[in-house]
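Survey of secondary and tertiary structure
Listed here are the chains, written in short residue letters.
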Amino acid sequence: MRRFLLLYATQRGQAKAIAEEISEQALSHGFSADLHCVSESEKYDLKTETGPLVMVVSTTGTGDPPDTARKFVKEIHNKTLPTDFFAHLWYGLLGLGDSEYTYFCNGGKVIDKRLQELGAQHFYDTGHADDCVGLELVVEPWIDGLWPALTKHFKSLGGQEDMSDSDTLAQASDAPLSMAMKPELLHIQSQVELLSLEDVGKRDSELQEQNETNKNQPSRIEDFDSSLVNSVPPLSQSSLSIPAVSPEYLEVYLQESLGQDENQASVPPSVDPIFQVPISKAVELTTNDAIKTTLLLELDISKVEFSHQPGDSFNVICPNSGSEVEDLLQRLQLADKQAHRVILKIKMDTKKKGASLPQHVPEGSSLQFIFTWCLEIRAVPKKAFLRALSDYTSDATEKRRLQELCSKQGAADYNRFIRDASVCLLDLLLTFPSCQPPLNLLLEHLPKLQPRPYSCASSSLLHPDKLHFVFNIVELPSNTTAASLRKGVCTGWLATLVAPFLQPNTEVLTADHSDALAPEILISPRATNSFHLPDDLSAPIIMVGPGTGVAPFVGFLQHREKLQEQHPDGNFGAMWLFFGCRHKDRDYLFREELRHFLKTGVLTHLKVSFSRDAAPEEEEEAPAKYVQDNLQHHSQQVARTLLQENGYIYVCGDAKNMAKDVHDALVEIISKEAGVDKLEAMKTLATLKQEKRSSMWSMVLVKSWWQKEKTTGHVTSSQKETTCMPHWLSPFHTHCLELSHTEWVCLHVLWVFTSA
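Residues numbered from 1 in each chain as written. Predicted model: local features only at pLDDT ≥ 70, side-chain atom pairs only at ≥ 80, totals over all residues. Heavy atoms only, no water.

Focus: the overall build of the protein
Stated precisely, the cut-off is as follows: Counting from the N terminus, the helices are DSSP H or I runs at least four residues long and the strands are E runs at least two residues long. Exposure classes here rest on a 1.4 Å probe applied to the protein chains alone. A residue is buried below 20% of its type maximum, exposed above 50%, and partly exposed in between. Any two residues having at least one pair of non-hydrogen atoms within 4.5 Å are treated as being in contact. Where accessible areas are quoted, they stem from the Shrake-Rupley method and a 1.4 Å probe; at the residue level, only the protein chains shown are allowed to cover.
For the protein, the helix and strand inventory stands at 24 helices and 21 strands. Looking at the protein as a whole, 52% of its 756 residues are labelled buried. In the protein, the share of contacts with a sequence separation of at least 24, taken over all contacts with a separation of at least 6, comes to 78%. On the protein, roughly 34,700 Å² of surface is accessible, and the fraction owed to carbon and sulfur atoms is 49%.

Below, the structure written as structure tokens:
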């Protein structure tokens, strides 16, 4: 059996699940995967590894490798290692990330780059999967292409392949070389097929609706509308290619409780230290008629060693909604056993290789505690989970629909009705009443409940024993009850927690909450990032923060005010703040504080835009609606600050839309004021980022330029090679010169599709 080493570096469990899927598929393709977490260095040795290496690496924080890979990354970045240290190593790497964030797939990219610097070579091209559009769009074709790539690699070693392997191996060997070695083309092909499938389905659906109308049977038109429950041709009539069922590996025993108490302090420990701190104050920053409700919470950190600086973020460890846990246990017919202790063991006859007990489930905890504090019950189910659930669904129609949703043919429906709709386990169980999964299946597939990150909105110089943070109470439509709204897991919990002592927005930073029984929450620090004030206090700063994005900048301003008090003769650079909200009288966050900073000269320029307020009739010129409009109105000053005064720019807020709009505005400003074309302006922004003078969420480079120039045929070979590319293309930019005209057309079509 041809062996390869399979390592994963995971933060939330996704990389582990994908690595396990690769391991399970390996046997059917004639391979044996030696599977380990990258942190288990005692179980493998890359210095002496003779087989090919396959790695699956996730990204966390602002582009860091996951916690499980910290030690590994530190070791391979030892500057004393020779450049041929891994010259014997052949590898393929799959990175996971989210293109809504600036450093897309950076966890994998850091390892990939360093392995090559130490002499390692690719036997299979690197893939980068984007959780923003669906990891499976890259993961599935990347895994499909892995087997022919491994086959080719073993053949190249000279007679080491056993040609008597299974038929599946023969099929893999016959795979075209271009498909084996170019996972990006596999991705393109799968997406083009997906587009074609959607078009065919749409035409068939329209024809059927028209036929029904002609028959004067309008009441049956909805039969041909696809939904979470129903599909339409061609999917409903297709033979399905569904994933192999994952082998079950847990045995679950329930024991009656002995009555011991459980609380949030029982949460399993993480890599970072956890602190239990009281909430000393809660203030509602918005009015009752505001579209979103924004709260400021103050934590008392006087009794813990929690150091932070403006721009840092931290984790809040939160529980699931009590009512959702109750509903889920009721649906699982386990409500009468919610206080029972859960005992887990590995099945003796399991076929799952390297099966282990889930570390995020504390031994002997109650069923209710596990579903409340340990499992992400709101997680969108992966296809492997849907596949497993279908085996426990007795109704044939429901079973078929679950199989469709996890099949390759049902990729479009999965994205539309599961992923994009944020469907969770409870939604599925209420939608498919004949599905009766056992408890062990849920503990195997539900991921760890993750802490939620928040930005620090205060300075330790001004509030040495306090920590402020700001959030909107998230409200999401329920997938099961049309009239109801679900609150965010963490924001809903925090809002309920502070409701008894919530203050209106009058004097935000006045008297503390004096109740001795103030609720306590668990927090943990996050790895430091580059979103910090510059060391050079004389450098000018531009801050762009609409909505709650202003929160870290309040910390910046508090910090700068104290520094100026401590150094009255110091040379401090100008500070610009571009703030935006909907209504001046409803959600102008920190209005009095910002006016104070402006009055004292700490804040040099305050430019505020209101997107929903009507312009006064006496105004000759329409006021700026959005922060990007205000940037354009002050284009000369912005360009001078960044290009001539070596200034810094910080952008914080909605990564999906605002960051891109701000980026486009900055491109326009630099192009106009510096007299250069837009591509050169983009390169200038990229340089600011490299110099760490630009900290921006989701730096979506060149989207409009990319579409326009490729459409008109103006993309040259040198421009294809530029690093200014859409995020989802960045994994493949080193291959762009090899793409044919047809392939470029596919890339253009898919870019328009994924941007729609």
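Section: the sheet that holds strand β13 (residues 466–472)
Definition in use: DSSP bridges decide pairing: two strands pair if at least two such bridges lie between them. Angles run from 0 to 180 degrees between N-to-C directions of axes, and those axes are lines fitted to C-alpha atoms, restricted for helices to the stretch in contact.
Read across the open sheet, the 6 strands follow the order β12-β10-β16-β8-β9-β13; overall the sheet is antiparallel. The open sheet terminates on both sides in strands that have one partner only, identified here as β12 (452–455) and β13. On average, each strand axis in the sheet is inclined to that of its neighbour by 40°, with strand direction left out of account. Across 7 bridges, strand β9 (residues 294–300) lies against β13 in antiparallel orientation. When the sheet's bridge partners are listed, Leu 297 is paired in β13 with Phe 469.

Points about the pairing of strand β19 (residues 605–610)
Formally: Viewed with both strands pointing away, a crossover whose connecting path from the first strand over the helix to the second turns clockwise is right-handed.
In this structure, strand β18 (residues 575–581) lies alongside β19, joined through 6 bridges in parallel fashion. Bridge pairing links Phe 579 to Val 608 in β19. Taken together, β18, helix α17 (residues 591–600) and β19 constitute a β-α-β crossover, and its handedness is right-handed.

Observations regarding the nonpolar core
It is characteristic of soluble globular proteins that their nonpolar side chains tend to be buried jointly. Our working definition: Definition of nonpolar core: a set of buried residues of the types Ala, Val, Leu, Ile, Met, Phe, Trp, Tyr and Cys, connected through side-chain atoms within 4.5 Å.
Formed by 72 residues in total, the largest nonpolar core has its most connected members in Leu 299, Phe 314, Phe 371 and Ile 523. Not counting residues within four places of it along the chain, the set of residues in contact with Phe 314 comprises Leu 299, Phe 306, Arg 452, Pro 453, Tyr 454, Ser 455, Cys 456, Leu 467, Phe 469, Ile 523, Ser 524 and Arg 526. In terms of nonpolar packing, the next biggest core, distinct from the first, is built from 32 residues, Val 470, Val 550, Leu 594 and Cys 652 among them.

Quick look at the packing of aromatic side chains
Definition in use: Any Phe, Tyr or Trp ring, taking Trp's six-membered ring, that has another such ring centre within 6.5 Å forms a pair; planes under 30 degrees apart are called stacked, those over 60 apart edge-to-face, and the others tilted. Think of it as a cone above the ring: NZ of Lys or CZ of Arg counts as a charge over the ring if it is within 6 Å of the ring centre and within 35 degrees of the ring normal.
This structure, assessed with the given rule, holds 22 aromatic pairs. Clustering of aromatic rings is evident, with ring pairs tying together Phe 275, Phe 306, Phe 314, Tyr 454, Phe 469 and Phe 471. Lying across the ring of Phe 31, Arg 2 places its NZ or CZ 3.9 Å from the centre. Here the basic side chain of Lys 383 rests over the ring of Tyr 414, its NZ or CZ set 5.3 Å away from the ring centre.

Some details on the environment of Asn 230
You can see Asn 230 is positioned in the loop between α7 (183–214) and β7 (250–255). Look at Asn 230 and you get partly exposed, because its relative accessible area is 36%. Measuring from C-alpha to C-alpha, the distance between Asn 230 and Glu 404 comes to 9.9 Å, with 174 residues separating the pair along the chain. For Asn 230, the residues in contact, after removing those within four places along its chain, are Asp 225 and Arg 401.

Observations concerning the pattern of salt bridges
In plain terms, the rule: For salt bridges, the criterion is a side-chain nitrogen of Lys or Arg within 4 Å of an Asp or Glu carboxyl oxygen.
Applying the stated criterion to the full structure yields 27 salt bridges. A salt bridge links Arg 419 to Asp 420; the nearest nitrogen and oxygen atoms lie 3.3 Å apart. On the basis of relative accessible area, Arg 419 is assigned to the buried category, the value being 18%. One salt-bridge network, in which partners are shared between bridges, spans Arg 400, Arg 401, Glu 404 and Asp 413.

A closer look at the confidence of the model for the protein
Detail in the predicted coordinates should be disregarded across regions flagged by low pLDDT. Note the threshold: The pLDDT score gives, residue by residue, the confidence of the prediction method on a 0 to 100 scale.
When pLDDT is averaged along the protein, the result is 80; 77% of the residues meet or exceed 70. The low-confidence segment residues 160–223, where pLDDT is below 50, has 92 contacts with residues more than four positions distant or belonging to other chains. Here residues 697–756 scores under 50 on pLDDT; set against residues more than four positions off or in separate chains, the count is 109 contacts.

As for unusual backbone geometry
At the junction of Pro 233 and Pro 234, the peptide bond is cis and its omega measures out at 5° in the coordinates. Along the polypeptide, Pro 234 turns up in the loop between α7 and β7. One non-glycine residue with positive phi stands out, namely Gln 333, at about 60°. Structurally, Gln 333 can be placed in the loop between α8 (322–331) and β11 (341–346). What makes Gln 333 exposed here is its relative accessible area of 60%. Non-glycine residue Ser 422 carries a positive phi angle of around 50°. With respect to the element layout, Ser 422 can be found in the loop between α12 (411–419) and α13 (425–431).

With respect to α17
We apply this condition: For this quantity, the arc is that covered by the directions from the helix axis to the C-beta atoms.
Glu 593, Leu 594 and Phe 597 are the residues of α17 that are buried. Within α17, the buried residues cover an arc of 95° as seen down the axis, which keeps them to one side. Counted as exposed and oriented over 90 degrees from the buried face of α17: Glu 592 and Lys 599. Of the residues one or two after α17, Gly 601 is the one with positive phi, at around 85°.

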